[in-house]
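A closer look at the structure
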Amino acid sequence: MTEFVDILFRLDRLPAKITALVVVIVGTLMFAPDVWLSGLQLEAFREAYGLWFGIVFLVAAGLFTVQLLTYLVGWIQRRMRAAQLEVQTIEAVANLDPNECAVLREFTIQERNTVELLATDPAVMSLVRNGVILQIGSYGRASPVGPIFSYTISHIARPLLSESVLGFPPQATEAAVRQVHDMRPHFMERVLGRRTRTGRW
């Protein structure tokens, strides 16, 4: 009796899939026609342990219901947070300030999907907070200006960030390129060092 009660209390530690399996198995032993159990050679098992089937079924079914509801509530909350973040990101892209645009232009200037940025820069922090850019990995590196981490543009923001939105001139003339480079974030030269121009910008 004590061992059986201990088993009942351990059911709440089982994954939802195992709990559902217990419900199905015990439910089958309780409600399946005798001819089925006879074919499966389970009649003797039901007669020996049938006294406990009802309580095991109820406990397992209750736990599975709680696990299912918990999963559904979590799924709904995650979807709601994702929808809120999408709206927040779209609004942030529509209201970028010059410093945020300068940070985002680095992805085009360097022609890379991932760039190193100063984690403590206010513009970088704002873009991360609004879901416009995402930090890649948990480890960065030290630099003379502060901690440097790798970032990428989020899938929500990427299609919204055209060159015109980011403040690039219509034509990549020498004067336009100098203008764009003069507006780069203050920390980029310390992060990258002096590099020659390799792309359009």
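Going by the structure above, here's the rest.
**Some details on a nonpolar patch on the surface**
Nonpolar side chains collect at one region of the surface, where Leu 68, Leu 69, Tyr 71, Leu 72, Trp 75, Ile 76 and Met 80 lie side by side and expose about 690 Å² of accessible area between them. Position of Leu 68 relative to the elements: it lies in helix H4 (residues 43-94).

**Focus: the sheet that holds strand S1 (residues 114-118)**
The strands that make up a sheet pair up through hydrogen bonds in the backbone, lying either parallel or antiparallel. One open sheet accounts for 3 strands, arranged S1-S3-S2; its pairing is antiparallel. Both outer strands of the open sheet, S1 and strand S2 (133-141), are each paired with one neighbouring strand and no more. Along the sheet, successive strands turn relative to each other by an average axial angle of 35°, direction set aside. Strand direction decides the pairing type here: S2 and strand S3 (residues 148-153), joined by 5 bridges, are antiparallel. Paired with Ile 136 across the bridge in S3 is Ser 150. In the packing of helix H5 (residues 98-109) onto the sheet, the strands contacted are S1, S2 and S3, and the crossing angle to S1 comes to about 145°. Running at roughly 125° to S2, helix H6 (residues 122-129) makes contact with S1, S2 and S3 of the sheet.

**Digging into the pattern of salt bridges**
Counting across every chain of the model gives 2 salt bridges. Glu 106 is paired through a salt bridge with Arg 184; the nearest N and O atoms lie 2.6 Å apart. Separated by 78 residues along the polypeptide, Glu 106 in helix H5 and Arg 184 in the loop between helix H7 (174-182) and helix H8 (188-192) bring together distant segments of the chain. On the accessibility criterion, Arg 184 (23% relative accessible area) is partly exposed. Across the pair Arg 141 and Glu 116 runs a salt bridge whose closest N-O atoms are separated by 2.8 Å.

**Focus: the nonpolar core**
Core analysis: the biggest nonpolar cluster contains 29 residues, and Leu 104, Leu 117, Val 132, Ile 133, Tyr 151 and Leu 161 have the highest contact counts within it. The element that contributes the greatest number of residues to this core is H5, accounting for 5 residues. Discounting chain neighbours no more than four positions away, the residues touching Ile 133 are Leu 104, Phe 107, Leu 117, Val 124, Leu 127, Val 128, Tyr 151, Thr 152, Ile 153 and Ser 154.

**Description of the environment of Ser 138**
Tracing the sequence through the fold places Ser 138 in strand S2. Distance in space between the C-alpha atoms of Ser 138 and Phe 149 is 8.2 Å, their sequence separation being 11 residues.

The rules behind the values
- Residues numbered from 1 in each chain as written.
- Predicted model: local features only at pLDDT ≥ 70, side-chain atom pairs only at ≥ 80, totals over all residues.
- Heavy atoms only, no water.
- Patch = residues over 30% accessible without salt bridge, like charges linked within 9 Å, V, L, I, M, F, W, Y side chains within 5 Å.
- Areas by Shrake-Rupley, 256 points an atom, 1.4 Å probe, with all protein chains shown as cover.
- Salt bridge = Lys/Arg side-chain N within 4 Å of Asp/Glu carboxyl O.
- Helix = DSSP H or I, 4+ residues; strand = E, 2+ residues; numbered from the N terminus.
- Pairing = 2+ DSSP bridges.
- Axes fitted to C-alpha atoms, helices over the stretch in contact; angles between N-to-C directions.
- Contact = heavy atoms within 4.5 Å.
- Buried < 20%, exposed > 50% of the residue type's maximum accessible area, 1.4 Å probe, protein only.
- Core = buried A, V, L, I, M, F, W, Y, C linked by side-chain atoms within 4.5 Å.

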